[in-house]
Amino acid sequence: LPFEEYRISYAIEDAQNAANFLKSLTYIDNSRFAIIGLSMGGGVAVNLAANRDDIAALTLLSPALDWPELTSILSQWRVEGDYMYMGPPGSPSPRLYRMKIDYAMEMMKFSVMGFAELIKAPTLIIHAIDDAVIPISQAKRFFERLEAEKKFVEIEHGGHVFEDYNTRRRIENEILNWIKQHL
């Protein structure tokens, strides 16, 4: 789906269906698996991990965990027709992201900050200091609340989706080592 069609409830349902599908496969070790979530997918991954006992490892990359907070800091947003246009502070245009109003309103209520204590899986969080979309402080607050084994990797440069080649290689190694250690 394009971003404007993204609906958090559908993403959660898709993640649950994917996990259940993996559990149904008989030709793999389906007793436990790792999940990775990037940005809004981080909140979806947390939601999934908080409600399952078979997650062996959780990795969150620049996770969007608290949309009510994000909504309060999105300084640039406006409604046009059936769409909401939004952008982070300092973005060149308030038209950076576009989403159907109903879907945006659903997402603006979505927070998994209260799920941290429910996570049993070892959790790796990677976030860049210079992320202009999701503040690193959100990931740090979630990390502090986690009771499971955990690791936080703070990246100096990389933005929201880790645009730098060397940064991506470092992150890939961190993720692979984490998953190998816990699967």
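You'll find the structure just up there.
Residues numbered from 1 in each chain as written. Predicted model: local features only at pLDDT ≥ 70, side-chain atom pairs only at ≥ 80, totals over all residues. Heavy atoms only, no water.

Draft legend 1. Examining the pattern of salt bridges more closely. Tallied over the full model, the rule gives 11 salt bridges. Between K23 and D54 there is a salt bridge, with its nearest N and O atoms 3.5 Å apart. Of this pair, K23 sits in helix α1 (residues 8-24) while D54 sits in the loop between α2 (40-50) and β2 (55-61), and the two are 31 residues apart along the sequence. With a relative accessible area of 10%, D54 lands in the buried category. In this structure, the salt-bridge partner of E117 is R145, at a minimum N-O distance of 3.2 Å. With E117 in the loop between α4 (101-107) and β6 (123-128) and R145 in helix α5 (residues 136-145), the pair connects residues that are 28 residues apart, well separated along the chain. E117 gets classed as partly exposed once you look at its relative accessible area, which sits at 34%. Take R145: its relative accessible area is 35%, and that puts it in the partly exposed class. Here the residues in one salt-bridge network are K23, R52 and D54, joined through shared partners. (Salt bridge = Lys/Arg side-chain N within 4 Å of Asp/Glu carboxyl O. Helix = DSSP H or I, 4+ residues; strand = E, 2+ residues; numbered from the N terminus. Buried < 20%, exposed > 50% of the residue type's maximum accessible area, 1.4 Å probe, protein only.)

Draft legend 2. Examining the side chain of E174 more closely. Considering the arrangement of structural elements, one finds E174 in helix α6 (residues 165-182). In terms of polar contacts, E174 uses its side chain to reach the side chain of K151, at 2.9 Å. (Polar contact = N/O pair within 3.5 Å; in protein donor to acceptor, adjacent residues only side chain to side chain.)

Draft legend 3. Geometry of α6. Spanning 18 residues, α6 covers 26 Å between terminal C-alpha atoms, matching the ideal 26 Å at 1.5 Å per step. Within α6, the full set of buried residues consists of T167, I171, E174, I175, W178, I179 and H182. End-on, the buried residues of α6 take up no more than an arc of 120 degrees, which puts them together on one face. Turned more than 90 degrees away from the buried face of α6 sit Y165, N166, K180 and Q181, all of them exposed. (Expected span 1.5 Å × (residues − 1). Arc of directions from axis to C-beta.)

Draft legend 4. Expanded view of the nonpolar core. By size, the foremost hydrophobic cluster in this structure holds 41 residues, and its most contacted members are Y6, I35, L58, I119 and F142. Listed by contribution, the elements that provide at least two residues to this core are α1, β1 (33-38), α2, β2, α3 (67-73), β4 (83-87), α4 and α5. Top element by residues in this core is α2. It accounts for 7 residues. Once you skip the residues sitting within four places of it in the chain, F142 turns out to touch V46, L60, L65, V112, M113, A116, I119 and I125. (Core = buried A, V, L, I, M, F, W, Y, C linked by side-chain atoms within 4.5 Å. Contact = heavy atoms within 4.5 Å.)

Draft legend 5. How the structure looks around α5. Turning to α5, its buried residues number three or more, namely I136, Q138, A139, F142 and F143. Within α5, the buried residues cover an arc of 155 degrees as seen down the axis, which keeps them to one side. Buried positions along α5 lie against α2, β2, α3, β6 and β7 (150-155).

Draft legend 6. Examining a nonpolar patch on the surface more closely. A cluster of nonpolar side chains, contributed by F21, L22, Y27 and I28, occupies part of the molecular surface with about 430 Å² of accessible area. Within the secondary structure, I28 is located in the loop between α1 and β1. (Patch = residues over 30% accessible without salt bridge, like charges linked within 9 Å, V, L, I, M, F, W, Y side chains within 5 Å. Areas by Shrake-Rupley, 256 points an atom, 1.4 Å probe, with all protein chains shown as cover.)

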